[in-house]
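# Commentary on secondary and tertiary structure
Each chain, letter by letter, is given below.
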Amino acid sequence: MQAMRVHTLDGISALQLEEVDNPEPGPGEIRVRVRAAGCNFADTLQISGLYQTRPPLPFIPGLEVAGEVSALGPDVDGLAPGDRVMGWVPWGGYATEAIVSAWAAIPVPASMDWVTAAAWPICYGTAYGALTHKRVALQAGETLLVHGAAGGVGLAAVDIGKALGARVVGTASTLDKLAACTALGADHVINYTEGELRDAIKSAVGGVDVVLDPVGGDVFDTSLRVTNRDGRLVVIGFTSGRISEIPANYLLLKNISVAGYAFSIYSRADHGHYAQVFAELGDHYAAGRLTPRIDTVMPLADTPAALQRLIDRQAIGKVVIEMPD
């Protein structure tokens, strides 16, 4: 099979397109003939040795795939060769064949193409799981603030927030990114590079009920100050580079809840949660309430350029690798 592999943890420069043997599925695993693979910022961290999961070298990066089941390992029920599936993988996605845990394989809706399916598991799974979790429970009519709203998870959160009946405010850094948020239904968009973010949010909506924060740092500090009483703030990352610290007096005075949500970690511990998230997402997609935005589709050989697009913050939506036939 063809695979994009790294032998050293030197980032994008270490990626090499190679011919390697097909992997064999073990107990509870399947092999998938990958048709498309989603690109994530976490991939850039993993190939630099900065991610929480550090596979043994050499390894094939790539955290989400979509394709047909090509082989079954022992103790796998409910799946058969030829089934259309998508799912999260700890690594191994940038290849024409990949191993997926059977619990992580989600049926691809009949109306969904491979590129969209590859854009679905991590961004939509993270955004939906975070916003609907019992600790957050976004409700129709509430105001949702999405930071980094033009990224993969951010745009998914805008899309999902509108599907759930919320008023959505998105923050981003350029006119093109703000326009993408508006196109997905955001009610208000704010350029966080212009003026005081707190003042802009207050001017637009007064206050917010739920915040989805992948940024951390100063953005998190601002979020605490614009969250309404009984508000919920869910942390999904720290792209700013500064891990937030919480002044507990804000939580007390406004009865704010702060929750963390790491979709891959949560799902490994609770397969039922993972299945429920995608069952509900599938219902929304079938009803026409969700429209994933694809930024760029590139061939496997151009994986370094695809990941560089994420590093340079040029992507508006999802970057997807399409595999050769």
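Right above here is the structure, for reference.
In what follows, the accompanying structure is described.

What counts as what
Every chain is numbered independently, its residues counted from 1 as its sequence is written. At least 70 in pLDDT is required for a residue's local features to be given in this predicted model, at least 80 for side-chain atom pairs to be given and counted, and no such filter applies to totals for whole chains, interfaces and linings, which use all residues. Values shown for side chains rest on all heavy atoms present in the structure; no hydrogens or waters enter the calculation. Helix and strand assignments follow DSSP, with helices taken as H or I runs no shorter than four residues and strands as E runs no shorter than two, numbered in order from the N terminus. Our radius of gyration is a C-alpha quantity, and the globule rule it is checked against amounts to 2.2 Å times the number of residues to the power 0.38. Accessible surface area values rest on a Shrake-Rupley calculation with a 1.4 Å probe, where residue burial reflects the displayed protein chains alone. Asp and Glu are treated as the negative residues and Lys and Arg as the positive ones, with His and the ends of the chain left uncounted. Taken as the charge location is NZ of Lys, CZ of Arg, CG of Asp or CD of Glu. A fitted line through C-alpha atoms serves as each axis, taken over the contacting stretch for helices, and the angle formed by two N-to-C directions is quoted from 0 to 180°. Left-handed describes a crossing whose near helix is turned anticlockwise from the far helix by less than a right angle; the clockwise case is right-handed. Any two residues having at least one pair of non-hydrogen atoms within 4.5 Å are treated as being in contact. Gly is put with the polar residues, along with every residue not named as nonpolar or charged; the nonpolar set is Ala, Val, Leu, Ile, Met, Phe, Trp, Tyr, Cys and Pro, and the charged set is Asp, Glu, Lys and Arg. By definition, a salt bridge exists where a carboxyl oxygen of Asp or Glu is found within 4 Å of a side-chain nitrogen of Lys or Arg. Think of it in three bands: residues with accessible area under 20% of the maximum for their type are buried, residues over 50% are exposed, and the middle band is partly exposed, with areas taken using a 1.4 Å probe on protein chains only. Pairing between strands is defined by DSSP: at least two bridges between them are needed. Crossovers are described as right-handed under a simple rule: with the strands pointing away from the observer, the path leading from the first strand over the helix to the second runs clockwise.

Time to look at the overall build of the chain. Of the regular secondary structure elements, the chain holds eleven helices and 15 strands. The C-alpha atoms of the chain give a radius of gyration of 19 Å, which matches the 20 Å a tight globule of 325 residues would have. Dimensions of the chain, computed from the C-alpha atoms along their principal axes, are close to 55 × 40 × 35 Å. When the accessible area of the chain is evaluated, it comes to approximately 13400 Å², of which 50% is carbon and sulfur surface. Put simply, the chain has 24 plus and 35 minus side-chain charges, and the middle of one group is 8 Å from the middle of the other.

Here helix α6 (residues 197-205) crosses helix α7 (residues 217-226) at 35 degrees, and the two axes come no closer than 9 Å. In the packing of α6 onto α7, the handedness of the crossing is right-handed. Contacts between α6 and α7 involve Leu197, Arg198, Ile201 and Lys202 from the first element and Val219, Thr222, Arg225 and Val226 from the second. Of the residues contributing to the contact of α6 with α7, the split by class is four nonpolar, one polar and three charged.

It is worth spelling out the pattern of salt bridges at this point. Applying the stated criterion across every chain, the model contains eight salt bridges. Of the charged contacts in the structure, one is a salt bridge between Glu24 and Arg31, with a shortest N-O distance of 3.5 Å. For Arg31, a relative accessible area of 11% corresponds to the buried category. Close ionic contact of Glu64 with Lys318 constitutes a salt bridge, the shortest N to O distance being 2.5 Å. Of this pair, Glu64 sits in strand β4 (residues 64-72) while Lys318 sits in strand β15 (residues 318-322), and the two are 254 residues apart along the sequence.

On to the pairing of strand β10 (residues 188-191), then. As paired elements, strand β9 (residues 167-172) and β10 share four bridges and run parallel to each other. Opposite Ala172, over in β10, you have Asn191 as the bridge partner. Handedness of the crossover joining β9 and β10 through helix α5 (residues 175-183): right-handed.

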